Amino acid sequence: MTSSSDDTERPANDGPHEDGRGGAEERLRRPDDHIDAAASVDPSSGDTGSGGGSGSGGEITQPKLGFVGWLRWFWRQLTSMRTALFLLLLLAVAAVPGSLVPQRSSDPNGVTQYFRDNPDLAPFLDKLQAFDVYTSAWFSSIYILLFISLIGCVIPRTKHHFDALRAKPPRTPVRLGRLAGYTERDGVGSLDDAAEAARAQLRSAGYRVAVFEKPGEKSVSAERGYLRETGNLVFHSALVGILVTVGFGGGFGFAGQRVLVEGQTFVNTLGAFDSFNPGRFFDPDTLDPYSLTLTDMAVTYEQQNQKAFGQPIDYTATVQVTEQDGASSEQTIKVNEPLNTGGTNIYLLGNGYAPQITVRDPDGTVVFTDAIPFLPQDAQLTSIGVVKIPDGLAEQLGMIGLFYPTQGAQQPPYFSSYPDLEYPVLTLQVFEGDLGIDAGTPTSVFTLDTDSMTEIAGGKADAKALELMPGQTQELPNGLGTVTFEDAANPSGDAAPPVTEESDAAGTAGTDYSKSVLRFASLDIHHDPTQGWVLVFALLVLAGLVTSLFIPRRRVWVKVHDVGGGALRMEYAGLARGDDPGLDAAVAAVADRHSAGFTPDAAAVAEGDEAVAPPESPDARA
Amino acid sequence: MSVIALYSAMAVYAIAFIAYAIDLAKRSSSIDEVAEGASSTAAASAGLNVTAAGGYGSTATITSSAPVTGAPRGYGRSAALRVGVALTVVAWLLHLAADILRGLAAGRVPWANMYEFAMTGTLIIVAVFLVTNLFVDVRFLGTFVTGLVLILLGLASVNFYVAVSPLPPALQSIWLVIHVFVAATSVGLFALGFGLSVVQLLQFRRESIAVGAKATGLRLLATLPSSDKLEALAYRINIIGFILWTFTLMAGAIWAEKAWGRYWGWDTKEVWTFIIWVIYAGYIHARATRGWRGSRSAWLAIIGFSAVLFNFTVVNLFFKGLHAYSGL
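Please read these numbers as outputs of a predicted model, since none were measured by experiment.

## Side note on the overall build of chain A
- Broken down by element type, chain A carries 15 helices and 24 strands.
- When the 622 residues of chain A are sorted by exposure, 48% land in the buried category.
- If you take every contact in chain A between residues at least 6 apart in sequence, the share linking residues at least 24 apart comes to 63%.
- Carbon and sulfur atoms make up 56% of the accessible area of chain A, which totals about 29700 Å².

## With respect to the confidence of the model for chain A
Residue and element names in this part refer to chain A.
- With 82% of its residues at a pLDDT of 70 or more, chain A has an overall mean of 79.
- A low-confidence stretch, residues 493–510 (pLDDT under 50), is modelled with 18 contacts involving residues beyond four sequence positions or located in other chains.
- Overall, residues 609–622 carries pLDDT values under 50, and its contacts beyond four positions in sequence, including any with other chains, amount to 16 contacts.

## Details of the nonpolar core
- One finds Phe-139 of chain A together with Leu-141, Leu-176, Leu-196 and Phe-305 of chain B to be the most contacted residues of the largest nonpolar core, which totals 121 residues.
- Ranked by residue count, the leading element in this core is helix H6 (residues 227–260) of chain B, at 16 residues.
- In this structure, Leu-141 of chain B is in contact with Phe-129, Leu-192, Gly-195, Leu-196 and Val-199 of chain B, ignoring residues within four places of it in sequence.
- By size, the runner-up hydrophobic cluster in this structure holds 51 residues, among which are Ile-346, Leu-348, Leu-381 and Leu-476 of chain A.

## Structural notes on the interface of chain B and chain A
- Each partner contributes to the interface: chain B provides 64 residues, whereas chain A provides 71 residues.
- Summed over both partners, the interface of chain B with chain A buries about 5500 Å², with 65% contributed by carbon and sulfur atoms.
- The tally of links from chain B across to chain A stands at zero salt bridges.
- Our count for the contact surface shared by chain B and chain A stands at nine residue pairs in polar contact (both at pLDDT 80 or more).
- Counting residues per element, the ones that place at least two in the side of chain B that touches chain A are H6, helix H7 (268–286) and helix H8 (295–318) of chain B.
- Per-element tally for the side of chain B that touches chain A: the top contributor is H6 of chain B, with 17 residues.
- Its residues assigned to classes, the side of chain B that touches chain A comprises 36 nonpolar, 18 polar and 10 charged.

Procedures and definitions
- Residues numbered from 1 in each chain as written.
- Chains lettered and ligands numbered in written order.
- Predicted model: local features only at pLDDT ≥ 70, side-chain atom pairs only at ≥ 80, totals over all residues.
- Heavy atoms only, no water.
- Helix = DSSP H or I, 4+ residues; strand = E, 2+ residues; numbered from the N terminus.
- Buried < 20%, exposed > 50% of the residue type's maximum accessible area, 1.4 Å probe, protein only.
- Contact = heavy atoms within 4.5 Å.
- Areas by Shrake-Rupley, 256 points an atom, 1.4 Å probe, with all protein chains shown as cover.
- pLDDT = per-residue confidence, 0-100.
- Core = buried A, V, L, I, M, F, W, Y, C linked by side-chain atoms within 4.5 Å.
- Buried area = accessible area lost by both parts, 1.4 Å probe.
- Salt bridge = Lys/Arg side-chain N within 4 Å of Asp/Glu carboxyl O.
- Polar contact = N/O pair within 3.5 Å; in protein donor to acceptor, adjacent residues only side chain to side chain.
- Nonpolar A, V, L, I, M, F, W, Y, C, P; charged D, E, K, R; others polar.

Set out below in structure tokens:
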């Protein structure tokens, strides 16, 4: 792109180009001004530079464009401001569907639900990648085009700006009268002194200055606010930086999830995660195998404020972290306070109850015992969990459990009236048959496929659902064995869960259930080496934005005419280069200050003092 | 207490609203008078821009030799307008008291659920309006600002009211103070920019049809600044809003990283924050694009603020997402 085509194509964000206010002012008054089609649509006025100037006439035969010519034309189109604006608005529109339809990335369960609710529409939407909008081909192509356009604009502008930074301010226009803030003053003094004073004054005000001379007149051309364009370029480059860092940098990290029941230990190795999403370039061997034991998951509920009774006010997970070198320390994880250890951040994203369930065969041999995390369903922590007993009994057994931390009903249907453990009740619906896990197909631990199973307790079965409180045991139907809901605070001898606070619960067992069921913490373990870079770029974006929007870029001219007899006529004018509401005031201030040194009074004083400003060669410094 | 103060504030806003409306009505009639008085002079035939520069709100620069175009028509001092502003200040103080009392009752910043956010957000909208008036005369937007605030406060106290409740763990962060407050401030700026853009469009329409003709349509527009001036002002206000919105987005990302383990996850609220950011980025670029300056960019500012309102109401209430803090 030549700089001239750059000017017409993309005056850009308050661009550095000649058509700032002076020309724009006229155009402004008729914003219905048609799109100046000639400059950008006509491919022949393209990158030939010199040839483009007058090529807008209709009768001009268009030169044949070769492949390269079309490429150039396409490139010019892509990097034009109008295309960038179009892509920007398109991006905003394209982002909307992702908020209307659940996304796999943020709400996978919502997607499953959507497929269930709209079996006809969902597959069609899926073809359109509506469930993965932000990684879809169409969304990606919009932002990639946008960023190519942006880069295609930023690079020539950087070069242009770099040149401008070293160039002298341009020659003073012949007639200043039409420019912004134009004002005239009369004064007395010498031409050289007046020009030098203007030069020194503008220079100390942060302008770059150049002095031009003609017979009978001297003028100072000054420009300031180069930082505006610098900020603009920093802003756009930093956006590219964010995109690149997120795009490629994300590949070096990982995100994993792990549910830990109180007492359980997690070792930071690949197999220990419940789910693990490595980036493309992540090497699992770099995992630092620290171990982390959840010693306590404490939840506090509101009890004072009746209107918010039972609202959670604090979640604190206490963990024991043991580094590879054996150093061990106790740490806490809270919702807004992740734990940083071993190069990973550990976040507390959820919690709930994990009833410890033991199943024995008719002989009393334990065939299953485990603390099963139950997924909370509502604010009162009514929770659902699934127990699968594949071996040890006559039939494979599956149970769907509902857990009520404080069961509040006299008779079914039950509900939970408070999220803490006041009157915990567990009900179990029991199924026998084929669990569907022998075939090797992966199944979720949180769902039970009952298609090839028969219900033997609860629901439509003859027997009622099993109902247990901590410490209680019940017979399974059909003489299959027994189920025990273990009391974590007062464990039975053969299934002692690793609980630390045995002592304080022992005395009140039976009435105080507060420690009777273990809690689990749902932890996210992330490693993202590029996060810091994203932050750095984000700060650059902000800094660039502020500079590019608030620093005014302006030119100011001071022209001094020698009108004979020691009298001077001084002209002042400015040109905004980009949005600059303070320009008129700034020019007026320059004029006031400068002309004050050349009033008849000031001249008299100056003669006494010999010099107003050091008489240096005026155009030596520029 | 907080509720009583809020209702009083709403009542005073309502009176202020009426005062502003009376002022607008008076502007219409004053135009007739001025037009009659000026009709004998030659200037009258030259249209709207020439008469009586230097009256209400004129900002002609002292030494400028450029012709003063677009200066508003002369319009004398308006008692109704001054009453309106005074009442707005009184209402704002009551509103502030309501907000502070709510904060004291809750023992935290008063913007942790939708009701509180509406209360603080409208407080900031009025604050932005009053502060802007210290620099530029935008009192003609009083009807719009008090009207908008009344509607929002009405909606909030009828539909969004919730009793004081403690902060859920996810909101217990210093970022609640920063992120939400800055978001509310930029909403206040966008609201004012929206009002200016609407008036700008009306003004522009009048300017383009009424040059040389008799004043048509909303005659009161003749007392307001020209569309160019309105655009420049709207732009200045919107860019401050945009910068704060950028900060909101970043602060939100930092907070999301702490609370949810990722700085960006295309949560519905994040999506809409992004959409709004892109629309206003488009607005800023549009002003530098030929053929887009003026009315088209004003439409973008209007769409942008509509998206802000949509984000606050519809997205909060009906879209599923992690920002589920409406308290409803």
